[in-house]
Amino acid sequence: MSRSTKHSDPHFKRIRNAMNRESYANPGTRCRRCGLTLAERRMTKPNDIWSCGHPDAPGDRGYAPEHRSCNSQLAAQQTNDKRIGFNAGL
Ligand SMILES: [Zn+2]
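Residues numbered from 1 in each chain as written. Predicted model: local features only at pLDDT ≥ 70, side-chain atom pairs only at ≥ 80, totals over all residues.

Student: How do you make sense of the overall build of the chain when you look at a structure like this?
Tutor: Helix and strand counts for the chain come out as four helices and two strands. Along the chain, helices and strands appear, N-terminal first, in the series α-α-α-β-β-α. Each principal axis of the C-alpha distribution contributes one length, and for the chain these read about 45 × 35 × 25 Å. Taken across its 90 residues, the chain has 16% of its residues classed as buried. Across the chain, contacts joining residues at least 24 apart in sequence account for 42% of those joining residues at least 6 apart. (Helix = DSSP H or I, 4+ residues; strand = E, 2+ residues; numbered from the N terminus. Buried ≥ 20, exposed ≤ 12 C-beta atoms within 10 Å, placed from the backbone. Contact = placed C-beta atoms within 7 Å.)

Listed below in structure tokens is the structure:
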């Protein structure tokens, strides 16, 4: 499976690297998806890390810090939505 083009875009890589640095440097950084800090999130997901979220959901504005688990949950949800639409013949 090939990596998505948005992840190999040099512009995105620069944003992601800067955002990850800032997210780890500031313990008060909150996830766009769940609103928790990394320390709060790790109480239930001990191995979670910061991930640079794309504007994927309605209402999202630009890139924002998201927990990797929140980010992949959204991606899975969107895939499921597409499958449901496909199966329903929409
Ligand atoms: Zn989160």
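Student: Explain helix α2 (residues 10-25) to me, please; I cannot follow it from the model alone.
Tutor: In an α-helix there are 3.6 residues to a turn, and that puts residues three or four apart on one side. Look at α2: 23 Å from first C-alpha to last across 16 residues, which is about the 22 Å you get at 1.5 Å a residue. Sparse coverage of α2 is indicated by the burial of one of its 16 residues. (Expected span 1.5 Å × (residues − 1).)

Student: How should I be thinking about the environment of S23 in this particular structure?
Tutor: Mapped onto the elements, S23 comes out in helix α2. The class for S23 is buried, based on 22 C-beta atoms found within 10 Å. Linking S23 and S51, residues 28 residues apart in sequence, is a C-alpha distance of 9.0 Å. When sequence neighbours within four positions are dropped, the list of residues in contact with S23 reads T29, W50 and P65.

Student: Is there a simple way to think about the confidence of the model for the chain in this case?
Tutor: When pLDDT is low, close inspection of the predicted coordinates is not appropriate. Looking at the chain as a whole, its pLDDT mean stands at 87, while 90% of the residues score no less than 70. Considering each helix and strand of the chain separately, the mean pLDDT is smallest for helix α1 (residues 5-8), with a value of 76, and largest for helix α3 (residues 38-41), with 98. (pLDDT = per-residue confidence, 0-100.)

Student: Explain the environment of I49 to me, please; I cannot follow it from the model alone.
Tutor: Here I49 lies in the loop between α3 and β1 (50-53). Residues I49 and D60, eleven residues apart in the sequence, show an inter-C-alpha distance of 20 Å.

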